[in-house]
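Residues per chain are reported as follows:
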Protein chains: 2
Amino acid sequence: MELVSSSKAFGGQQRVYRHDSSACACPMNFAVFLPPQAEVGPVPVLWYLSGLTCTHQNAMDKGEYRAAAAANGVAIICPDTSPRGEGVPDEPENWQFGSGAGFYLDATQAPYATNYRMESYIRDELPALVARELPLDMSRQGIFGHSMGGHGAITLALKNPGRYASVSAFAPITQPSTAGWSRPAFEKYLGPDEAAWRAYDATLLIADGHRVPDLLVDQGTADGFLQEGLRPQLLELACTTAGIPLTLTMREGYDHSYNFVSTFMAQHIAWHAERLIPA
Amino acid sequence: MELVSSSKAFGGQQRVYRHDSSACACPMNFAVFLPPQAEVGPVPVLWYLSGLTCTHQNAMDKGEYRAAAAANGVAIICPDTSPRGEGVPDEPENWQFGSGAGFYLDATQAPYATNYRMESYIRDELPALVARELPLDMSRQGIFGHSMGGHGAITLALKNPGRYASVSAFAPITQPSTAGWSRPAFEKYLGPDEAAWRAYDATLLIADGHRVPDLLVDQGTADGFLQEGLRPQLLELACTTAGIPLTLTMREGYDHSYNFVSTFMAQHIAWHAERLIPA
């Protein structure tokens, strides 16, 4: 992997790397913040998955995660949200599909199945790469994300028990298989048989018996996507039914932007640190 | 003034406004963060001046000032760095002059003198506007900035005793009248007579008897502009000679980016709050 940039921040290093992804069959960028503790030994890893239209850069610029990551001694990795580039099929005018909208799944349908394999990329390829190249303790991983990335974080945690010691989300898409902004994408990536969609839907994964130890979710009440696209009540019902301890907090007056995410970033990182770092 | 956007953050409101500036003879944008304390009464104001190439948006996105501003109950205003627009003379290929490079001075030379009046804008027009429209206590103002904006903050504080109770800077341009990246701009804005430049040079203003009560400066040692463009030792010499208490800290390994600024943002806001808010 190639170092694109490195800049000291909060005693650590905010870096961007580029590498050729075999999962996505294209070059991919990711951001990683190494806290100062990484200079003396491997540190826990917190995966941050971004939302629709984002790249590796949005949370790096606006997420305000470095102060809390440095204070808690955890690395933060921000992958891209989709494959990109000239050879990658896309719908440039559609912000809910293609570039910036990988939905953290492995597409099965032509022409998308060659590149749109974000689940394999986030779950297998990128962890193996950073485990070889960076001072990370891969036995201590957590995952969180925003909106589409909240969906990605929760579904990956549900499907890979033991992999992630902690999971949280900001304004996650809770039931993409029934939401208007994700159904067309799921159909193009996964085909018309909705049975295949269940593996990428947090509420249905829970209904099908998948579990996480506990879950932290924050959601703004002034979020324009709340009622149609996000619907935290569906996740709450699923967790209650399954007996998953969910800490869901509705945040009065907050919208869907990074002004919301950054406000609660330190609390989420503290939640993960409690679960990743022995007292 | 017209509200462009408003978004809740850290209990307060991050807003962007647009207004027709008479000083700059064009529409101007500025960002303002109102802390939660502004809901119950007027709050102190901290002016943040940005560096070359920036708009009102850079510090808003990357400065990470909201947590500390909310904790201390101060508003943060981020003006633009120059006039802009079709009728404004500019050198689009030159990042050190024209748009994004107003240098916080009032130009005297044609064709720039009509629009490039950032000193009058920051000192007179914008404070009068926000005093009328926002819950701000204008008897408690501080000023700080980054790079070209550090130059702006220090020179404005030196020239307006009593106006700003506190002043600080991140990696300021300390002696623009002798630095390669500012001399051509000063000549175009102010003319070839360098005597006119002294009013916009922190070290020369101090030599000419202007004073501030004290001054906080942070500077990264890995800043690529350190030796040629910034030169904190010149400010240190001027302050020592004049007896101005300067707290200058060289920050090992930090560069010129917002990774540096954001790392020390909370410490600067705390410095201002100590001087703006009675114990």
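How each quantity is defined
Residues numbered from 1 in each chain as written. Chains lettered and ligands numbered in written order. Predicted model: local features only at pLDDT ≥ 70, side-chain atom pairs only at ≥ 80, totals over all residues. Heavy atoms only, no water. Pairing = 2+ DSSP bridges. Helix = DSSP H or I, 4+ residues; strand = E, 2+ residues; numbered from the N terminus. Axes fitted to C-alpha atoms, helices over the stretch in contact; angles between N-to-C directions. Contact = heavy atoms within 4.5 Å. Least-squares fit on C-alpha atoms with pLDDT ≥ 70 in both. Buried < 20%, exposed > 50% of the residue type's maximum accessible area, 1.4 Å probe, protein only. Buried area = accessible area lost by both parts, 1.4 Å probe. Salt bridge = Lys/Arg side-chain N within 4 Å of Asp/Glu carboxyl O. Polar contact = N/O pair within 3.5 Å; in protein donor to acceptor, adjacent residues only side chain to side chain. pLDDT = per-residue confidence, 0-100. Phe/Tyr/Trp six-rings, centres within 6.5 Å; stacked < 30°, edge-to-face > 60°. Lys NZ or Arg CZ within 6 Å of the ring centre and 35° of its normal.

J.: A description of the sheet that holds strand 3 (residues 26-34) of chain A should follow, citing residues and the corresponding values.
T.: All names here are of chain A. Spatial strand order, 1-2-3-5-4-6-7-8-9: nine strands in an open sheet with mixed pairing. Strands with a single pairing partner mark the edges of an open sheet, and in this sheet they are strand 1 (2-9) and strand 9 (246-251). Averaged over all adjacent pairs, the angle separating strand axes in this sheet is 20 degrees, with direction ignored. Taken together, the nine bridges between strand 2 (residues 12-21) and strand 3 define a ladder with antiparallel strand orientation. If you follow Arg15 over to strand 3, its bridge partner there is Val32. Across the face of the sheet, helix 4 (residues 148-159) comes into contact with strand 4 (43-49), strand 6 (136-146), strand 7 (166-170) and strand 8 (215-220) while running at roughly 135 degrees to strand 6.

J.: Lay out the relation of the copies chain B and chain A with the relevant residues and their values.
T.: Here chain B sits on chain A after a turn of 180 degrees about the axis and a move of 0.0 Å along it, with an RMSD of 0.0 Å. In short, the pair behaves as if placed about a two-fold rotation axis. Comparing interface residues between copies, 100% of those in chain B also sit at the interface in chain A, which points to an isologous, same-surface contact.

J.: Can you tell me about unusual backbone geometry, naming the residues and giving the values?
T.: Cis geometry marks the peptide bond from A:Ala110 to A:Pro111, where omega comes out at 0 degrees. Position of A:Pro111 among the secondary structure elements: in the loop between strand 5 (75-79) and helix 3 (118-133). For A:Glu64, which is not a glycine, the phi torsion comes out positive at approximately 55 degrees. Judged by its relative accessible area of 9%, A:Glu64 falls in the buried class. Its identity is not glycine, yet B:Phe10 carries a phi of approximately 50 degrees, on the positive side. Turning to its location among the elements, B:Phe10 is positioned in the loop between strand 1 (2-9) and strand 2 (12-21).

J.: For the sheet that holds strand 3 (residues 26-34) of chain B, give the residues involved together with the corresponding values.
T.: Across the sheet, which stays open at both edges, the nine strands sit in the order 1-2-3-5-4-6-7-8-9 (chain B) with mixed pairing between neighbours. Two strands close off the open sheet at either side, each with one partner strand: strand 1 and strand 9 (246-251) of chain B. Mean inter-strand twist for the sheet, computed between neighbouring axes without regard to direction, equals 20 degrees. Helix 9 (residues 258-276) of chain A rests against strand 1 and strand 2 of chain B of the sheet, and its axis sits at about 30 degrees to strand 1 of chain B. Relative to the sheet, helix 8 (residues 232-242) of chain B contacts strand 8 (215-220) and strand 9 of chain B, its axis offset from that of strand 9 of chain B by approximately 160 degrees.

J.: Give a description of the interface of chain B and chain A that names residues and reports values.
T.: Contacts between the two partners involve 19 residues from chain B and, on the opposite side, 19 residues from chain A. Roughly 1,600 Å² of surface becomes buried between chain B and chain A when both sides are summed, with 42% attributable to carbon and sulfur atoms. Considering only the side of chain B, the residues that lose the most area to chain A are B:Lys8, B:Phe10 and B:Glu64, jointly responsible for 37% of the buried surface there. At the junction of chain B with chain A, the criterion picks out two salt bridges. The salt bridge partner of B:Glu64 is A:Arg66, with a shortest N-O separation of 3.2 Å. For the interface between chain B and chain A, the tally reads 14 residue pairs in polar contact (both at pLDDT 80 or more).

J.: Which residues make up the pattern of salt bridges, and what values go with them?
T.: The tally for this structure, following the rule as stated, stands at 24 salt bridges over all chains. What emerges from the salt-bridge pattern is a single network uniting A:Glu119, A:Arg123, A:Asp124 and A:Lys159.

J.: Which residues make up the pairing of strand 5 (residues 75-79) of chain B, and what values do they have?
T.: All names here are of chain B. Judged by how many residues are buried, strand 5 sits mostly within the fold: five of five residues are covered. The two faces of strand 5 match: Ala75, Ile77 and Pro79 on one face and Ile76 and Cys78 on the other face are all buried. Two strands pair when backbone bridges link them, and strand 3 and strand 5 are joined in this way by four bridges, in the antiparallel orientation. The partner of Phe30 across the bridge, within strand 5, is Pro79. Judged from the three bridges that link them, strand 4 (residues 43-49) and strand 5 form a sheet pairing that is parallel. By the bridge assignment for strand 5, Val45 is matched with Ala75.

J.: Can you lay out the environment of B:Leu276 for me, pointing to particular residues and giving the numbers?
T.: All names here are of chain B. Among the structural elements, Leu276 can be located in helix 9 (residues 258-276). Spatially, the C-alpha atoms of Leu276 and Ser50 are 21 Å apart, while their sequence positions differ by 226 residues. Contacts of Leu276, omitting those with residues within four sequence positions, involve Pro44, Val45, Arg140, Gln141, Gly142, Ala165 and Ser166.

J.: Before we move on, could you go through the confidence of the model for chain A and cite the residues and values that matter?
T.: Taken as a whole, chain A shows an average pLDDT of 97; of its residues, 100% reach a score of 70 or greater. Across the assembled chains, the prediction reports ipTM 0.96 with pTM 0.96.

J.: Explain the packing of aromatic side chains residue by residue, including any values.
T.: All names here are of chain A. Tallied over the entire structure, the rule returns 36 aromatic pairs over all chains. Ring geometry for Tyr112 versus Tyr116: centroids 6.0 Å apart, planes at 75 degrees, classification edge-to-face. Taking relative accessible area as the criterion, Tyr112 reaches 11% and is therefore assigned buried. Both rings, one in Tyr254 and one in Phe264, keep their centres 5.1 Å apart while their planes meet at 70 degrees; by these two values the pair is edge-to-face. Remark: Phe264 occurs in helix 9 and Tyr254 occurs in the loop between strand 9 and helix 9; sequence separation between them is ten residues. In this pair, the class of Tyr254 matches that of Phe264, namely buried. Each member of the aromatic cluster is reached from another via a ring pair, and the members are Tyr48, Phe144, Phe170, Tyr254, Phe260 and Phe264. Sitting over the ring of Phe97, Lys188 keeps its end group 4.4 Å from the ring centre.

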